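# Remarks on the overall topology
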Amino acid sequence: MEQALSLARLALGQVSPNPAVGAVLVKDGEVVGQGYTQPPGSWHAEIGALNQAGENARGGVMYVTLEPCCHYGRTPPCSKAIIAAGVAEVHFAMIDPNPKVAGKGKAELESAGIRTYAGEREKEASELNEAYIKYITTGTPFVTAKFAMSLDGKIATGSGDSKWVTGEEARKYVHHLRYTADAIMAGANTILADDPQLTSRCCGGRGGSVRKQPLRVIVDGKGRTPPTARIFSQPGKTLLALGGSVKPGTKAAFTRVGAEIVELATGEDQVDLKGLLKLLGQREITSVLVEGGGILLGCLFDEGLVDKVVAFIAPIIIGGKEAKTAVAGKGVDKVADSIRLERVKMDKFGEDMMISGYVGGR
């Protein structure tokens, strides 16, 4: 199963809205086939392993990170292919939460006389597909709040300078996070202050591919993003979520530089974030990486829309009462009411620490 999980990781960032799955076929103690999910419309992991194994699949044992599908989608059911190939035994890490599967694949295999075993390395498998699980069960994307700050909690100096709070190793890892996300979200203040590209520049040249770049989502209630911003000249697509007071001329300027516009106003200058996430889910966006700034992150936390936090902490002190903090918004009145993270992990990137965890109750 460890090998199957490693294969599944190769599919991350490539197969959304499908889950990233790995499969290994073993016969007489030897691996005879392996595969991982291909882009939508192509083979699932099980089919890749079966094709590689050929006749050696008969009587073999399959290890797969997710319950084999049993319904017709873009491709035929994997369960039927496994049965037709004569596989004797299937081990899968977790039940597929998709209502179209949800134990039905297991039942179909068992009715054909195939022994099934579920639950091996379930925790790792569910974490690997956390975005898929959230999306397939709620229809909305998995939201990760990412920020980099100094030891005293600042993301920029009082003058607005933020380059660079963290070191090169941490910044490289951020490109990996972008690579595995369907969309990258930022607020207008971040665009104005940093003029970021918000592209993934790693993993085999994905940065040069229009088709595989994450969707850039800019939350801009007042329409302050300049049409000359670098995000509009990068590979991939940009979506601007605007409030209700943006002038027609400003909208036309955004359209001319290739941006898509959606108006989702809760107030004259505010964007309906819940509505925005619902819209992204309808477009099969399963995961959103939010990269700031503090106002946007604060609003997302205030509305209970964040699922996971990835925070980089640099061993520097910025100070200054005017310096910006990572999370603004309303916050809480009492420490006892603070948002607490669960399943917390710590990693080191050069001199910087990364703390990640899941918002309690998610």
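Here, the structure is the one placed above.
This one's a predicted model, so the numbers in the text were calculated from it and none came from an experiment.

Conventions used here
- Residues numbered from 1 in each chain as written.
- Predicted model: local features only at pLDDT ≥ 70, side-chain atom pairs only at ≥ 80, totals over all residues.
- Heavy atoms only, no water.
- Pairing = 2+ DSSP bridges.
- Helix = DSSP H or I, 4+ residues; strand = E, 2+ residues; numbered from the N terminus.
- Axes fitted to C-alpha atoms, helices over the stretch in contact; angles between N-to-C directions.
- 1 Å grid on protein atoms, 1.4 Å probe; cavity = no way out; pocket = protein on both sides within 12 Å on 5 of 7 lines; lining within 4 Å.
- Points joined across faces, edges and corners; volume = space filled by probe spheres on them.
- Nonpolar A, V, L, I, M, F, W, Y, C, P; charged D, E, K, R; others polar.
- Contact = heavy atoms within 4.5 Å.
- Parallel < 35°, antiparallel > 145°, perpendicular 65-115°, else oblique.
- Left-handed = near helix turned anticlockwise from the far one by under 90°.

### Describing the sheet that holds strand β4 (residues 89-92)
- With mixed pairing, five strands are arranged side by side in an open sheet as β2-β1-β3-β4-β5. Sheet topology places β2 (30-36) and β5 (115-118) at the edges, where each strand pairs with a single neighbour. Going across the sheet, the axis of each strand differs from the next one's by a mean of 15 degrees, ignoring polarity.
- Here β4 pairs with β5 via four bridges, running parallel. Residue pairing for β5: Val-90 is matched across the bridge by Thr-116.

### Considering the layout of surface pockets
- As a volume, the second largest pocket reaches approximately 950 Å³.
- For the second largest pocket, the lining is made up of 38 residues, of which Leu-12, Glu-127, Glu-130, Thr-180 and Lys-308 are closest to its centre.
- Of all elements in the fold, only α5 (122-128), α6 (130-138), β6 (142-150), α7 (168-180), β13 (287-290), β14 (308-314), β15 (341-349) and β16 (352-359) reach the threshold of two or more residues within the lining of the second largest pocket.
- Here the residues of the lining of the second largest pocket sort into 18 nonpolar, eleven polar and nine charged.

### Focus on the sheet that holds strand β7 (residues 183-187)
- With mixed pairing, nine strands are arranged side by side in an open sheet as β10-β9-β8-β7-β13-β6-β14-β16-β15. This sheet does not close on itself; its edge strands, each paired only once, are β10 (260-263) and β15. Here the strands of the sheet are splayed against their neighbours by 20 degrees on average, with no regard to which way each runs.
- Strand contacts of helix α10 (residues 273-282): β6, β7, β8 (215-220), β9 (238-242), β10 and β13, with the helix running at about 160 degrees to β8, the strand carrying the most contacts.

### Points about the packing of helix α2 (residues 45-53) against helix α3 (residues 78-85)
- Contact pair α2 / α3: the axes reach a minimum separation of 9 Å and the direction vectors enclose 20 degrees. Between α2 and α3, the angle is such that the two are roughly parallel. The interaxial crossing formed by α2 with α3 has left-handed handedness. From α2, Glu-46, Ile-47 and Leu-50 reach across to α3, where they touch Cys-78, Ala-81, Ile-82 and Ala-85.

Everything listed is a geometric property; what it means functionally is a separate question.
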